[in-house]
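Okay, here's what each chain looks like letter by letter:
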Amino acid sequence: MNQAETLQYLIQLSHELGREDRHLAILGEGNVSADLADGTFYVKASGSQLATIEADGFTRVNPLPIFKALEHSDKTDERVRAVLEDCRVDKKAKLPSVETFLHAICLKEGGAKWVGHAHPVSVLQILCSQLGAEPFRRHIFPDAIVVCGRRLAVVPYVDPGIRLALALRKSLRRFIGEHGAAPKVILMVNHGPVVLGQTERDVLNTMLMLDKWASILVGNYAIGRPQFLEEKSSDRIENRPDEHYRRGVIGRLK
Ligand SMILES: [Zn+2]
């Protein structure tokens with residue numbers, strides 16, 4: 001896929017995630033990114049809205065200054081702004097989102113080709129409760145295992161921006177160390193989910209399934225307690241060959 005095609009799919013993915021009836025993101029909430037074959041990536045520019053974004057709402061980013069900044073001890077607002085200005089491939093492009101650090105980590109360390117972050121009402125009803133990410137540690141129905149993954153990574157609440165990106169990297173590395181592969185979903189407590197996908201369709205499907213899962217959990221807690229699946233049942237779904245097949249059939253957005 002060439003750069004122009006990637007950009008078109010990014011716009012479509014943004015519009016799908018920003019759809020008002022889906023309650024995944026409103027106003028300037030949420031952001032998306034996609035890896036380009038040359039090592040750079042597209043990410044949503046600061047101030048753009050997912051629902052209405054067009055090509056000029058994305059900025060192509062060189063990840064090198066981003067990763068240098070993650071190691072640098074100076075993480076002041078001025079320094080972060082200078083890095084965001086510096087990482088633009090086209091210096092006339094808009095300033096990339098402050099969550100560019102997080103996207104760079106998911107694309108370069110998390111094995112994702114496409115990344116989507118939103119603030120779904122359903123998921124935040126849980127992540128902003130006293131239970132935090134706990135209800136997502138066990139599964140309640142098979143499709144969430146197939147689409148969202150057997151296990152999700154969790155990041156405690158941290159101020160959005162470079163510090164959040166560092167906390168996410170720590171969680172991602174620990175997850176990969178424990179499970180041998182990156183998660184498809186990273187839950188940021190009191191904030192929202194990040195989805196790591198292989199295609200734009202993969203990101204949308206995963207976000208929609210996570211939203212459904214969360215809505216069901218909220219209903220479960222309202223009328224009693226969730227009836228969690230046994231761990232061995234969840235493991236079996238994860239390892240079934242037909243489920244691997246289903247996982248592979250995800251296609252692209254039209
Ligand atoms: Zn956010």
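Residues numbered from 1 in each chain as written. Predicted model: local features only at pLDDT ≥ 70, side-chain atom pairs only at ≥ 80, totals over all residues. Heavy atoms only, no water.

With respect to the pattern of salt bridges
Step number 1: The tally for this structure, following the rule as stated, stands at 15 salt bridges.
Step number 2: Two residues, arginine 19 and glutamate 16, come together in a salt bridge whose shortest N-O distance is 3.9 Å.
Step number 3: Using a relative accessible area of 24% as the deciding quantity, one classes glutamate 16 as partly exposed.
Step number 4: In this structure, glutamate 230 engages lysine 232 in a salt bridge whose closest nitrogen and oxygen atoms are separated by 2.6 Å. (Salt bridge = Lys/Arg side-chain N within 4 Å of Asp/Glu carboxyl O. Buried < 20%, exposed > 50% of the residue type's maximum accessible area, 1.4 Å probe, protein only.)

Focus: the coordination of the zinc ion
For a metal with four tetrahedral donors the ideal donor-metal-donor angle is 109.5 degrees, while six octahedral donors give ideal angles of 90 or 180 degrees.
Step number 1: Those protein atoms acting as donors to the zinc ion are His117 (NE2), His119 (NE2) and His191 (NE2), and they sit at 2.1 Å.
Step number 2: Site description for the zinc ion: donor spacing in sequence, H-x1-H-x71-H.
Step number 3: Look at histidine 117 and you get buried, because its relative accessible area is 1%.
Step number 4: Taking the relative accessible area as the measure of exposure, histidine 119 reaches 17% and is therefore buried. (Donors = N, O, S within 2.8 Å, 3.2 Å for Na, K, Ca; no water.)

Concerning the pairing of strand 2 (residues 41–44)
Step number 1: Alternating positions in strand 2 separate into two faces, Phe41 and Val43 on one and Tyr42 and Lys44 on the other, with burial throughout.
Step number 2: Taken together, strand 1 (residues 31–35) and the strand that follows it, strand 2, pair antiparallel across an intervening segment of 5 residues, in which glycine 39 is found at a positive phi of about 100°.
Step number 3: Where strand 2 and strand 3 (residues 58–61) come together, 4 bridges link them in antiparallel fashion. Looking across to strand 3, one finds that valine 43 is bridged to threonine 59. (Helix = DSSP H or I, 4+ residues; strand = E, 2+ residues; numbered from the N terminus. Pairing = 2+ DSSP bridges.)

Section: the environment of histidine 23
Step number 1: Structurally, the position occupied by histidine 23 is in the loop between helix 1 (3–17) and strand 1.
Step number 2: Here the alpha-carbon distance between histidine 23 and aspartate 211, two residues 188 residues apart in the chain, equals 9.2 Å.
Step number 3: Dropping the residues within four chain positions of it, histidine 23 is found in contact with His119, Pro120 and Val121. (Contact = heavy atoms within 4.5 Å.)

Quick look at the sheet that holds strand 2
Step number 1: As summarised here, the arrangement of the 7 strands in space is 3-2-1-4-7-6-5, forming an open sheet in which the pairing is mixed. Of all strands in the sheet, those with a lone pairing partner are strand 3 and strand 5 (153–155), marking the two edges. When the angles between neighbouring strand axes are averaged without regard to direction, this sheet yields 15°.
Step number 2: Direction of pairing for strand 1 relative to strand 4 (residues 114–117): antiparallel, over a ladder of 4 bridges. When the bridges of strand 4 are listed, asparagine 31 appears paired with histidine 117. (Axes fitted to C-alpha atoms, helices over the stretch in contact; angles between N-to-C directions.)

Describing the side chain of threonine 40
Step number 1: With respect to the helices and strands, threonine 40 occurs in the loop between strand 1 and strand 2.
Step number 2: One polar contact links threonine 40 to arginine 60, side chain to side chain, over a distance of 3.0 Å.
Step number 3: The contact partners of threonine 40, leaving out residues within four places of it in the chain, are Asp35, Arg60, Val61, Asn62, Pro63, Val89 and Lys108. (Polar contact = N/O pair within 3.5 Å; in protein donor to acceptor, adjacent residues only side chain to side chain.)

A few points about the nonpolar core
Step number 1: Grouped together as the largest cluster of nonpolar side chains are 47 residues, with contacts concentrated most on Leu13, Leu17, Phe58, Phe136, Leu187, Leu210 and Trp213.
Step number 2: Only helix 1, strand 1, helix 5 (121–127), helix 6 (142–148), strand 6 (185–188) and helix 8 (200–223) provide two or more residues apiece to this core.
Step number 3: The greatest single-element share of this core, amounting to 8 residues, is contributed by helix 8.
Step number 4: Discounting chain neighbours no more than four positions away, the residues touching leucine 13 are Val32, Trp114, Glu200, Val203, Leu204 and Leu253.
Step number 5: Counting residues in hydrophobic clusters, the runner-up holds 32 residues, among them Val43, Leu102, Leu107 and Ile162. (Core = buried A, V, L, I, M, F, W, Y, C linked by side-chain atoms within 4.5 Å.)

Considering helix 3 (residues 77–86)
Step number 1: By the burial criterion, the buried members of helix 3 are Val80, Val83 and Leu84. In an axial view of helix 3, the angular spread of the buried residues amounts to 100°, which keeps them on one side of the axis.
Step number 2: Summarising the contacts, the buried residues of helix 3 are in contact with helix 2 (63–71), helix 4 (100–108) and helix 7 (162–179). (Arc of directions from axis to C-beta.)

The values reported here are purely geometric and, on their own, carry no functional implication.
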